[in-house]
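This is what each chain is made of:
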Amino acid sequence: MSRIGVTMDVGNDGVAVITISNPPVNAVAVPIIAGLKARFDEAARRRDVKAIVLTGNGGRFSGGFDINVFQKVHETGDVSIMPDVSVDLVVDTIEDCKKPIVAAVEGLALGGGLELAMGCHARVASPRAQLGLPELSLGIIPGFGGTQRLPRLVGLSKVIEMLLSSKPIMSEEGNKLGLIDVIVPPEEVLKVSRRWAIDMVEGRKPWVRSLYRTDKIGSLSEAREVLRITRQQAKKTAPNLPQHQACLDVIEEGIVRGGYEGVLKEAKVFKELVLSDTAKGLIHVFFAQRATSKVPNVTDVGLKPRQTKKVAVIGGGLMGSGIATALIVNNIHVVLKEVNSEYLLKGIKTIEANVRGLVTRRKLTNDKADKALSMLKGVLDYSEFKDVDMVIEAVIENVPLKQKIFSEIEKACPPHCILATNTSTIDLNLIGEKLKSQDRVIGAHFFSPAHVMPLLEIVRTRKTSPQIILDLMTVGKIIKKVPVVVGNCTGFAVNRTFFPYSQSAHLLVNLGVDLFRIDRVISNFGLPMGPFQLQDVSGYGVFLAVWEEFAQAFPGRTYKSPLVDLMLKNGRNGKNNGKGFYIYEKGSKPRPDLSVLPIIEESRQLTKFMPHGKSISVTDEEILEMILFPVVNEACRVLDEGVVVRASDLDITSILGMSFPSYRGGILFWADTVGASHVYKTLKNLSELYGGFYKPSKFLEERAIRGIPLSAPVTSTPSLESRL
């Protein structure tokens, strides 16, 4: 394994090659920064060094600044931990060096890595090297001068696109834009970089300090107009993300007052943003998503994942076809089984439409789409199941039907085969109770549409073997999902945690609160749509079926409103028939349907829930709390019962499964920023006013009274062992 550090080798040509070594991506950690400063200072002093080349070890330039430093800043609240890189290293040491410096870029140069490369006087890159500044996706802005140098190298419009999207470009595009000077084969990058550096010394190549260029900025009035329009767009598309506006302000500072002044402002704003709630939330999510791949007694006991080449999917409906699509576009053979030719043909056509849709959205090339579809085979019996590595059952939520299918596939499949169900609520012990191989039964709960949504809930029972869990986690990663291992209970992690969400919204409506205002409050908080529009999209039948499941599982903890039944009685079934709480017309955004108001009024009259027959008066903040605090409460129960490995797993499932805003860090991270004590007191008051639906859980009560964060580790309990 390579040693972490910065080395320097001086060749006979007088070129010092400074190499960053910090596997796997040569992150710019604090010791690396110190090493770079020392090596550049030494190269500048040495008389036998004419020019310098900066590169990264192992075919990668640098993946950027070490994100672990941000975590330490958040833990301590001390921003002085952040080293001064922008002025001290990139401007004073690299860009203002009296000897020319060339960046030799292979593989990737992202974030702080690209900023180091832009501080150099020329850039030589290998083909298809990734170049980008993804800092805004972490709630911050580039901090090593990227907001100043990139506009001067690629132009203002392109830099805005790159920064605000956080998406990298390839070196080929970088070459056309002027970010990269030349592209050469990987084996020639270092040799060409050395020669380029000598050519600069001898005046054959230009020696460019990008911070002082202005030719690609355009006139001041043009630049300000571009920034003004972008600010307005960012206010609409990212209203809760302060880093977007801050980034545009810093770019403008450099255009108006000069690159160096822009660098100074960038450094100041960068440190302010690092301590913002948005950065704390997004950086927490970054580490939380990494943590999901660590499962005690599964990933830490020396097991190796087995290869999954062929998967059988039973059921070609919406979920089954989506799952099959996700598998074939990632080079896994699929056998799709249906009960008759008509259903099978329909399922295959849906899969074909899914794949062609990916081509239309430029997620897949035509060649790859054709290859993916060639990996699909439709069948009407189990004869092709003899060599499958996994079966995923995706039929309707019917216990006897699922039990029958699992008895059949246990006989038809090889003894190593994973027996998975895509059920969203049914107890796995019930599905597999008649099987001999209960250690192979596991839940593979995809979210709709399965080929698009990133979450895969992996549901284990007490009998599921660690090998089966590891194998399914591996398949999840191959098909580009984020697998999260959860315990077996009604609704598992996501649906269990969020079942109070729509129910509390109905409770509020029956208290007299405007339904459309509730949706607006939730959308303004950052979810893509409010609970009533979500019900329109999901279908009322789904809502009623799920409510029934939870009412049976958790008696006394659910709230039933007559409103959905009344909507169905009035011929409304949401988006399915274009008549819901909103009006759905092709080519236009859903808009509130005011003709539902009499139906809402009828629901209120039936429930007689409004105090003294009058609507309650609430602020937007109180609406938010009355809807989301019961979700936090249920998350506490999920934690207490050991349904998830750690609190941050619930944060990830809430973001990827329910579209909870990532910049708020997930459901429990957000609750901790609000404070357990406030959540508890609010729910206690609400339960006294409106009943047991709001009653705080014992876990929440204990944490609030003792002042312990909700996300702090749970001590081992019998229930923890039973779930996981």
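Residues numbered from 1 in each chain as written. Predicted model: local features only at pLDDT ≥ 70, side-chain atom pairs only at ≥ 80, totals over all residues. Heavy atoms only, no water.

Engineer: Looking at this structure, I do not really get the pairing of strand β6 (residues 122–125). What am I missing?
Structural biologist: Side-chain direction in a regular strand flips from residue to residue, so the side chains alternate between the two faces of the sheet. Neither face of β6 is exposed, since Ala122 and Val124 on one face and Arg123 and Ala125 on the opposite face are all buried. Strand direction decides the pairing type here: strand β4 (residues 101–105) and β6, joined by four bridges, are parallel. Looking at β6, one finds that valine 102 is bridged to alanine 122. Across two bridges, the pairing between β6 and strand β9 (residues 182–183) is parallel. (Buried < 20%, exposed > 50% of the residue type's maximum accessible area, 1.4 Å probe, protein only. Helix = DSSP H or I, 4+ residues; strand = E, 2+ residues; numbered from the N terminus. Pairing = 2+ DSSP bridges.)

Engineer: Just checking my understanding: could you explain helix α20 (residues 515–525) for this structure?
Structural biologist: Each turn of an α-helix holds 3.6 residues, which means side chains three or four residues apart point in the same direction. Inspection of α20 places Leu515, Phe516, Ile518, Asp519, Val521, Ile522 and Phe525 among the buried residues, and these make up the whole buried set. Just beyond α20, the residue with positive phi is glycine 526, at close to 130 degrees.

Engineer: Looking at this structure, I do not really get a positive patch on the surface. What am I missing?
Structural biologist: Taken together, the side chains of Arg128, Lys368, Lys371 and Lys480 make up a positively charged region of the molecular surface. Here lysine 480 shows up in the loop between α18 (466–478) and β17 (482–487). (Patch = residues over 30% accessible without salt bridge, like charges linked within 9 Å, V, L, I, M, F, W, Y side chains within 5 Å. Areas by Shrake-Rupley, 256 points an atom, 1.4 Å probe, with all protein chains shown as cover. Salt bridge = Lys/Arg side-chain N within 4 Å of Asp/Glu carboxyl O. Lys, Arg positive; Asp, Glu negative; His and termini not counted. Charge placed at Lys NZ, Arg CZ, Asp CG, Glu CD.)

Engineer: Where do I start with the sheet that holds strand β7 (residues 130–132) in this structure?
Structural biologist: Sheets are built from strands that pair by backbone hydrogen bonding, the pairs being arranged parallel or antiparallel. One open sheet holds the three strands; their spatial order is β5-β7-β8, and the pairing between them is mixed. Each edge of the open sheet is held by one strand with a lone partner, namely β5 (108–110) and β8 (169–170). One ladder, built from two bridges, connects β7 with β8; its direction is antiparallel. Looking at the pairing, glutamine 130 lines up with methionine 170 of β8. Sheet strands in contact with helix α4 (residues 112–119) are β5 and β7, and its direction is about 95 degrees off that of β5. (Contact = heavy atoms within 4.5 Å. Axes fitted to C-alpha atoms, helices over the stretch in contact; angles between N-to-C directions.)

Engineer: Mind showing me how you'd approach the packing of helix α1 (residues 30–45) against helix α3 (residues 86–95) here?
Structural biologist: Think of two packed helices as two axes; the pair is described by the angle between the axes and how far apart they sit. Interhelical geometry of α1 versus α3 gives an angle of 20 degrees and a closest axis separation of 10 Å. One finds that α1 runs roughly parallel with respect to α3. As α1 packs across α3, the resulting crossing turns out to be left-handed. Of α3, the residues touching α1 (which contributes Ile33, Leu36, Lys37, Phe40 and Asp41) are Asp88, Leu89, Thr93 and Ile94. Split by residue class, the contact of α1 with α3 holds five nonpolar, one polar and three charged. (Parallel < 35°, antiparallel > 145°, perpendicular 65-115°, else oblique. Left-handed = near helix turned anticlockwise from the far one by under 90°. Nonpolar A, V, L, I, M, F, W, Y, C, P; charged D, E, K, R; others polar.)

Engineer: Would you mind going over the side chain of histidine 451 with me for this structure?
Structural biologist: Positionally, histidine 451 belongs in the loop between β15 (441–446) and β16 (455–460). Once you skip the residues sitting within four places of it in the chain, histidine 451 turns out to touch Gly322, Thr325, Ala326, Asn354, Leu358 and Lys481.

Engineer: How should the confidence of the model for the protein be read in this particular structure?
Structural biologist: One rule of thumb: low pLDDT means the predicted coordinates there are not for detailed reading. With 98% of its residues at a pLDDT of 70 or more, the protein has an overall mean of 95. Overall, residues 718–722 carries pLDDT values under 50, and its contacts beyond four positions in sequence, including any with other chains, amount to seven contacts. (pLDDT = per-residue confidence, 0-100.)

Engineer: I keep staring at helix α2 (residues 68–76) and nothing clicks. Help me out?
Structural biologist: Every buried residue belonging to α2 is among Val69, Phe70 and Val73, and all of these are buried. Looking straight down α2, one finds that the buried residues subtend no more than 100 degrees of arc, so they occupy a single side. Tucked inside the fold, the buried residues of α2 contact α1, α11 (259–274) and α12 (277–291). Looking one or two places after α2, you find glycine 77, whose phi comes out positive at around 75 degrees. (Arc of directions from axis to C-beta.)

Engineer: Help me understand the packing of aromatic side chains in this model?
Structural biologist: The geometry of an aromatic ring pair is captured by two quantities: the separation of the ring centres and the angle between the planes. The final tally for this structure, using the stated rule, is 20 aromatic pairs. Ring geometry for phenylalanine 516 and tyrosine 582: centres 5.4 Å apart, planes at 85 degrees, overall edge-to-face. Here the residue phenylalanine 516 occupies a position in helix α20, and tyrosine 582 occupies one in strand β18 (residues 582–583), the gap between them amounting to 66 residues. There is no split in this pair, since phenylalanine 516 and tyrosine 582 are both buried. Each ring, one from phenylalanine 550 and one from phenylalanine 554, has its centre 6.1 Å from the other, and the planes form 15 degrees; the classification is stacked. Each member of the aromatic cluster is reached from another via a ring pair, and the members are Tyr559, Phe609, Tyr690, Phe693 and Tyr694. The aromatic ring of tryptophan 196 is capped on one face by lysine 205, whose charged end is 4.2 Å from the ring centroid. The ring of phenylalanine 525 has arginine 664 lying over it, and the distance from NZ or CZ to the ring centre is 4.1 Å. (Phe/Tyr/Trp six-rings, centres within 6.5 Å; stacked < 30°, edge-to-face > 60°. Lys NZ or Arg CZ within 6 Å of the ring centre and 35° of its normal.)

Engineer: Can you help me understand the pattern of salt bridges in this one?
Structural biologist: Side chains that carry opposite charge are capable of pairing whenever their charged atoms lie near each other. Throughout the structure, instances matching the rule amount to 39 salt bridges. Linking arginine 39 and glutamate 42 is a salt bridge whose minimum nitrogen-to-oxygen distance equals 3.8 Å. Within this pair, arginine 39 and its partner glutamate 42 are both found in helix α1, separated by three residues, close to a single helical turn. Residue glutamate 225 is joined to arginine 228 by a salt bridge in which the shortest nitrogen-to-oxygen separation is 2.7 Å. Separated by three residues within a single helix, glutamate 225 and arginine 228 lie in helix α9 (residues 220–237), roughly one turn from each other. Here the salt bridges do not stand alone but share partners, grouping Arg496, Arg557, Glu634, Arg637 and Glu641 into one network.

Engineer: Is there a simple way to think about the sheet that holds strand β10 (residues 310–314) in this case?
Structural biologist: If you walk across this open sheet you meet the eight strands as β12-β11-β10-β13-β14-β15-β16-β17, and the pairing is mixed. Edge strands, defined here as strands with exactly one partner in the open sheet, are β12 (376–379) and β17. The mean angle between the axes of side-by-side strands here comes to 25 degrees, regardless of whether they run parallel or antiparallel. Judged from the four bridges that link them, β10 and strand β13 (residues 390–393) form a sheet pairing that is parallel. Bridge pairing links valine 313 to isoleucine 392 in β13. Along the sheet, helix α16 (residues 399–412) makes contact with β10, β13, β14 (418–421) and β15, crossing β14 at roughly 165 degrees.

Engineer: I would appreciate a short explanation of the packing of helix α26 (residues 647–658) against helix α27 (residues 667–674) in the present structure.
Structural biologist: Put simply, α26 and α27 touch, their axes get as near as 6 Å, and they point 110 degrees apart. Between α26 and α27, the angle falls in the class roughly perpendicular. Together, Ala647, Leu650, Asp651 and Ser654 of α26 and Ile667, Leu668 and Phe669 of α27 make up the contact between the two elements. Classifying every residue of the contact of α26 with α27 gives five nonpolar, one polar and one charged.

Engineer: Would you explain unusual backbone geometry in this entry?
Structural biologist: Negative phi is the rule for most residues except glycine; trans is the rule for most peptide bonds. Following proline 23, the chain continues to proline 24 via a peptide bond in cis, the omega torsion being 5 degrees. If you trace the backbone, proline 24 turns up in the loop between β2 (15–21) and α1. The phi dihedral of arginine 362 falls on the positive side, at around 60 degrees, and the residue is not glycine. Of the residues examined, arginine 362 reaches a relative accessible area of 78% and is grouped as exposed.

Engineer: What is the right way to read the environment of alanine 493 from this model?
Structural biologist: Summarising the element assignment, alanine 493 is placed in the loop between β17 and α19 (494–510). Through-space distance from the C-alpha of alanine 493 to that of serine 654 is 8.8 Å; in sequence the pair is 161 residues apart. Filtering out sequence-adjacent residues up to four positions away, alanine 493 remains in contact with Glu457, Val486, Val643, Val644 and Leu650.

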